[in-house]
Amino acid sequence: MKYLKINIEENADIEALKNAVLQLKGVASAEIIDDENPESELKKAFAKTKEQLKTGDYENLVNDIFDIIIKK
């Protein structure tokens, strides 16, 4: 899989940019990553894992863990 990294200015409308990118042909997904605050991404990951455990979504939980392990 290939990725595109876009650096934005502080006052940019991130959600609008994300929605615009998602409209492009060939774009499978778009994710907002805050390099300034990596802890927020970790918190989101833990929240997602917690929700998956609560709802019994074990298949996706295991797939997410394997994605993290094998990600280059």
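Quick notes on the rules
- Residues numbered from 1 in each chain as written.
- Predicted model: local features only at pLDDT ≥ 70, side-chain atom pairs only at ≥ 80, totals over all residues.
- Heavy atoms only, no water.
- Helix = DSSP H or I, 4+ residues; strand = E, 2+ residues; numbered from the N terminus.
- Rg over C-alpha atoms; globule rule 2.2 N^0.38 Å.
- Buried < 20%, exposed > 50% of the residue type's maximum accessible area, 1.4 Å probe, protein only.
- Patch = residues over 30% accessible without salt bridge, like charges linked within 9 Å, V, L, I, M, F, W, Y side chains within 5 Å.
- Areas by Shrake-Rupley, 256 points an atom, 1.4 Å probe, with all protein chains shown as cover.
- Salt bridge = Lys/Arg side-chain N within 4 Å of Asp/Glu carboxyl O.
- 1 Å grid on protein atoms, 1.4 Å probe; cavity = no way out; pocket = protein on both sides within 12 Å on 5 of 7 lines; lining within 4 Å.
- Points joined across faces, edges and corners; volume = space filled by probe spheres on them.
- Nonpolar A, V, L, I, M, F, W, Y, C, P; charged D, E, K, R; others polar.
- Polar contact = N/O pair within 3.5 Å; in protein donor to acceptor, adjacent residues only side chain to side chain.

**Student:** Before we go on, may I ask you to explain the overall build of the protein in this structure?
**Tutor:** A tally of regular secondary structure across the protein gives 3 helices and 0 strands. Put simply, the protein runs from its N terminus to its C terminus through helices and strands in the order α-α-α. A globule of 72 residues ought to have a C-alpha radius of gyration of about 11 Å, yet the protein, at 15 Å, is considerably larger. The principal-axis extent of the C-alpha atoms belonging to the protein is close to 35 × 30 × 25 Å. Residue burial in the protein is summarised as follows: out of 72 residues, 6% are buried.

**Student:** In this structure, what is going on with a nonpolar patch on the surface? I would like to understand it.
**Tutor:** A cluster of nonpolar side chains, Leu 4, Ile 6, Ile 8, Ile 14 and Leu 17, forms an exposed patch at the surface whose accessible area comes to about 440 Å². In this structure, Ile 6 sits in the segment before helix 1 (14-22). Ile 6 gets classed as partly exposed once you look at its relative accessible area, which sits at 45%.

**Student:** For this particular structure, what's the right way to read the layout of surface pockets?
**Tutor:** Here the idea is plain: a probe the size of a water molecule rolls over the atoms and shows the empty space left. Counted as a void, the largest pocket has a volume near 2,000 Å³. As for the largest pocket, its lining consists of 40 residues, and the residues nearest its centre are Tyr 3, Ala 30, Glu 31, Ile 32 and Ile 33. Broken down by secondary-structure element, the contributors of at least two residues to the lining of the largest pocket are helix 1, helix 2 (38-55) and helix 3 (58-70). No other element matches the 9 residues that helix 2 contributes to the lining of the largest pocket. Residues that form the lining of the largest pocket fall into these classes: 20 nonpolar, 5 polar and 15 charged.

**Student:** It is not clear to me how the pattern of salt bridges should be interpreted in this structure. Could you clarify?
**Tutor:** When their charged atoms lie close together, side chains carrying opposite charge are able to pair. Considering all chains together, one arrives at 1 salt bridge under this definition. The salt bridge involving Lys 48 is made with Asp 64; its shortest N-O contact spans 3.2 Å. Highlighted residues: Lys 48 in helix 2 and Asp 64 in helix 3, separated in sequence by 16 residues. Here Lys 48 falls in the partly exposed class, since its relative accessible area comes to 46%.

**Student:** Would you mind going over the environment of Asp 57 with me for this structure?
**Tutor:** Assignment of secondary structure puts Asp 57 in the loop between helix 2 and helix 3. The exposure class assigned to Asp 57 is partly exposed, which follows from its relative accessible area of 28%. A distance of 3.1 Å separates polar atoms of two side chains, one belonging to Asp 57 and the other to Asn 60.

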